[in-house]
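Fold and geometry: a report
So the chains spell out like this:
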Amino acid sequence: MAEMVKLATRESFGQAVTELAEQYPQVVVLDADLAAATKTGIFKKAYPDRFIDCGIAECNMVGIAAGLATCGKIPFAASFAMFTAGRAFEQVRNSVGYPHLNVKLVGSHAGISVGEDGATHQCCEDLALMRTIPGMVILNPADHYEMKAAVKAAIEYEGPVYLRLGRLAVESFNNGDDYSFEIGKGITLRQGDDITIVATGLMVSETIKAADALAEEGIHARVINIHTVKPLDEEIILKAAKETGKIITVEEHNVIGGLGEAVAAVLSEKCPTPLVRMGVQDVFGYSGPAKDLLKEFGLCAENIAAVTKKALGK
Amino acid sequence: MNSCEKKSLQLTACKVRMNVIEGVYHAKSGHPGGSLSAADIYTYLYFRELRVNPEKPQDPDRDRFVLSKGHTCPGLYGVLAEKGYFSREEMKGLRHIGSMLQGHPNMQDTPGVDMSSGSLGQGISAACGMALAAKLDQKDFRVYTLLGDGELEEGQVWEAAMFAGHKKLDNLCVIVDNNGLQIDGPISEVGGPEPIDEKFRAFGFDVQMVDGHDFEALEAAFAHAKAVEGKPSVIIAKTVKGKGVSFMENQVGWHGTAPNAEQYETAMAELKQALAGLEAE
């Protein structure tokens, strides 16, 4: 078992893109004055000639990335999720998505775990926005090892990818030695037939903790990690729905437009199943320490366990 | 440019204008005004300036052209047809279901189109990215992008201009089709992007103002732009919206309106007459 590391996925991203740079000479990295925060600064230090600081102009950055991609580069364009997916949405849609260009869009500091910066920077809409763009692949890795594998997969995939990064350090739970990542394939992390909890990103490790605590009480919850929000692994979700009969989704995102609605759509069309969507309940966030905020919004192991029990009538 | 070469360009531009009218008439929609104002610029670019080969539209070393003012693609399609990227007959399919000629350019549909565009302000950013790619790979291809003067009201244009100036993209040539009109009226009344030259100068550009219908002036301007080192270039081309079709000239209403059958006949007759006049010279 590879060692457990406690790192924010933005840090893992910065490391991965730098480590892969030699193997993939077409990779270039763009940032909009946030290299220290998005961790593209790691790449900048190692490969200054392949790093492009675009200044505080995210819409232009996405266009620059599109132009680079037409000439064979594999650009990673990074900023906070609020700006990559939010501010530059229409540039992503028209300059990257429509021509299906090989641009990797990086949205860091996603969700409410941005913390003290407050609602203006707490992006709980990026998954929803990116999901509406035809052909967009959306990756939301859950720990250090998964992020590293996701960056490699994004490079090897030809087409637009949105990669979501978190600010908060998270304990790794995957085994880095034999971890394999396939775009569009969910991963069952805990077996169980009482109920299924489908989680993505930062919420996966909290869900594992919740499931392990529930197991001690004799409740066996299946845990599915959806690292690829789009294309969604319908098969693993429908199988879980049929075998466990109840589904809970957990995401650090508005319950409108994100994982929960994606799962709801699959279930209601193909296998109607009782569903509880955990996430940000269509409200704006506010300032506070990240961990306290996650508790306030019920996005922690204790509340996931409590919601699970309630769903089971216990 | 000798008189024979000049006449050849004038003839081609006339055919491009006919393609524009043909396309927009059959589409029953589209943007003739800005296509006609830029017809001479398109012609000059594709027949004198760009190092491109219609046989090899994906050649990695080719010069690039990004139509940032994507709505005037009937003009671009018109010149691509004349250059041999596809048949002139395709013009009649403009904006129709299944056509390779979309209402705004899509690089995945149309041979010779280097970038999808149409949402204003975005093409110039992509052009900057292409110019940067050439610099990173130490290639000598140049990148040209055509903007409308109304388009200059988009903030992204100035984000891109700041980038181009800051990164010293001297392989980038921006052309502004300065016909003075946008959908809601004269640019000076609607959004006030002027003075255009001073703005680009402030962003670190080499700035030239030319008559966008004078091929000799365009030749001198593009030659100068190519020789500029250490900064991007802009050619502000003074043009007449609707140029070449008398009743469309300087009429804001022809920004995005298709001619009816009678107007189509009149426009084509005028252009055919102009063509015959040039051929008879």
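Cut-offs used in this document
- Residues numbered from 1 in each chain as written.
- Chains lettered and ligands numbered in written order.
- Predicted model: local features only at pLDDT ≥ 70, side-chain atom pairs only at ≥ 80, totals over all residues.
- Helix = DSSP H or I, 4+ residues; strand = E, 2+ residues; numbered from the N terminus.
- Rg over C-alpha atoms; globule rule 2.2 N^0.38 Å.
- Contact = placed C-beta atoms within 7 Å.
- Buried ≥ 20, exposed ≤ 12 C-beta atoms within 10 Å, placed from the backbone.
- Pairing = 2+ DSSP bridges.
- Axes fitted to C-alpha atoms, helices over the stretch in contact; angles between N-to-C directions.
- Domains from an automatic or database assignment.
- Parallel < 35°, antiparallel > 145°, perpendicular 65-115°, else oblique.
- Left-handed = near helix turned anticlockwise from the far one by under 90°.
- Nonpolar A, V, L, I, M, F, W, Y, C, P; charged D, E, K, R; others polar.
- Expected span 1.5 Å × (residues − 1).

Turning next to the overall build of chain B. Helix and strand counts for chain B come out as 10 helices and seven strands. In terms of overall dimensions, chain B is globule-like: its C-alpha atoms have a radius of gyration of 17 Å, near the 19 Å expected for 281 residues. Counting only C-alpha atoms and orienting by the principal axes, one finds that chain B spans roughly 50 × 45 × 40 Å. Counting contacts in chain B only where the partners sit at least 6 residues apart, residues at least 24 apart contribute 76% of the total.

Right, let's get into the overall build of chain A. Within chain A one finds 13 helices and 14 strands. Computed over C-alpha atoms, the radius of gyration of chain A comes to 19 Å, within 12% of the 20 Å expected from 2.2 N^0.38 for 314 residues, which places it in the range of a compact globule. With the C-alpha coordinates aligned to their principal axes, the bounding extent of chain A is approximately 60 × 40 × 40 Å. For chain A, with 314 residues in total, the buried portion stands at 58%.

Residues and elements named next belong to chain B. The element strand β7 (residues 233-238) is extensively covered by neighbouring structure, given that five of its six residues are classed as buried. Bridging between strand β3 (residues 172-178) and β7 involves six bridges; their strand directions are parallel. Considered in β7, the bridge of Val-174 is made with Val-234. Pairing geometry for strand β6 (residues 206-211) and β7, over six bridges, is parallel. Across the sheet, the residue bridging to Met-209 is Ile-236, located in β7.

Take the sheet that holds β3 of chain B next. All names here are of chain B. In spatial order, the strands read β1-β2-β3-β7-β6; together these five strands make up an open sheet with parallel pairing. Edge strands, defined here as strands with exactly one partner in the open sheet, are β1 (64-67) and β6. Strand after strand, the sheet turns through a mean of 20 degrees between neighbouring axes, direction not considered. Two elements, β1 and strand β2 (residues 143-148), share four bridges in a ladder whose sense is parallel. When the sheet's bridge partners are listed, Arg-64 is paired in β2 with Val-143. Most of the contacts of helix α5 (residues 122-136) go to β2, to which it runs at about 170 degrees, and overall it touches β1, β2 and β3.

Once that is clear, we can look at the domain arrangement of chain A. Residues and elements named next belong to chain A. Under the domain assignment used here, chain A contains domain 1 (6-171) and domain 2 (187-311). Each of domain 1 and domain 2 was reduced to a C-alpha centroid, and the two centroids are 25 Å apart. Facing 29 residues of domain 1, the contacting portion of domain 2 comprises 29 residues.

In this section: the packing of helix α10 (residues 234-244) of chain A against helix α11 (residues 259-270) of chain A. Residue and element names in this part refer to chain A. Interhelical geometry of α10 versus α11 gives an angle of 60 degrees and a closest axis separation of 10 Å. Between α10 and α11, the angle is such that the two are oblique. Between α10 and α11 lies a crossing whose hand is right-handed. Of the residues in α11, those touching α10 at Glu-234, Ile-237, Leu-238 and Ala-241 are Val-263, Val-266, Leu-267 and Lys-270. When its residues are assigned to classes, the contact of α10 with α11 shows six nonpolar, no polar and two charged.

What follows deals with helix α8 (residues 144-156) of chain A. Between the first and last C-alpha of α8 of chain A there are 19 Å, a value that for 13 residues agrees with the 18 Å anticipated at 1.5 Å per step. All of the buried residues along α8 of chain A are His-144, Tyr-145, Glu-146, Met-147, Lys-148, Ala-149, Ala-150, Val-151, Ala-153, Ala-154 and Ile-155 of chain A.

All names here are of chain B. Of all 11 residues that make up helix α4 (residues 73-83), 11 are buried, and the element is covered over most of its length. Within α4, burial applies to Cys-73, Pro-74, Gly-75, Leu-76, Tyr-77, Gly-78, Val-79, Leu-80, Ala-81, Glu-82 and Lys-83. Where the residues of α4 are buried, they touch α1 (3-27), α2 (32-37), α3 (39-49) and β1. The positive-phi residue at the C-terminal boundary of α4 is Gly-84, with phi of around 100 degrees.

A few words now on the interface of chain A and chain B. Taken together, the 24 residues of chain A in the interface contact 23 residues of chain B. If you list the elements that add at least two residues to the side of chain A that touches chain B, you get α4 (58-70) and α6 (89-97) of chain A. Looking at the side of chain A that touches chain B residue by residue, the classes come out as 12 nonpolar, 10 polar and two charged.

The next subject is the sheet that holds strand β9 (residues 187-190) of chain A. Residues and elements named next belong to chain A. Taken together, the five strands give an open sheet; going across it, the order is β9-β11-β10-β13-β14, and neighbouring strands pair in mixed fashion. One side of each edge strand has no neighbouring strand; the edge strands of this open sheet are β9 and β14 (275-280). Strand after strand, the sheet turns through a mean of 25 degrees between neighbouring axes, direction not considered. The pairing of β9 with strand β11 (residues 221-225) spans three bridges and is classified as antiparallel. Considered in β11, the bridge of Thr-188 is made with Ile-224.

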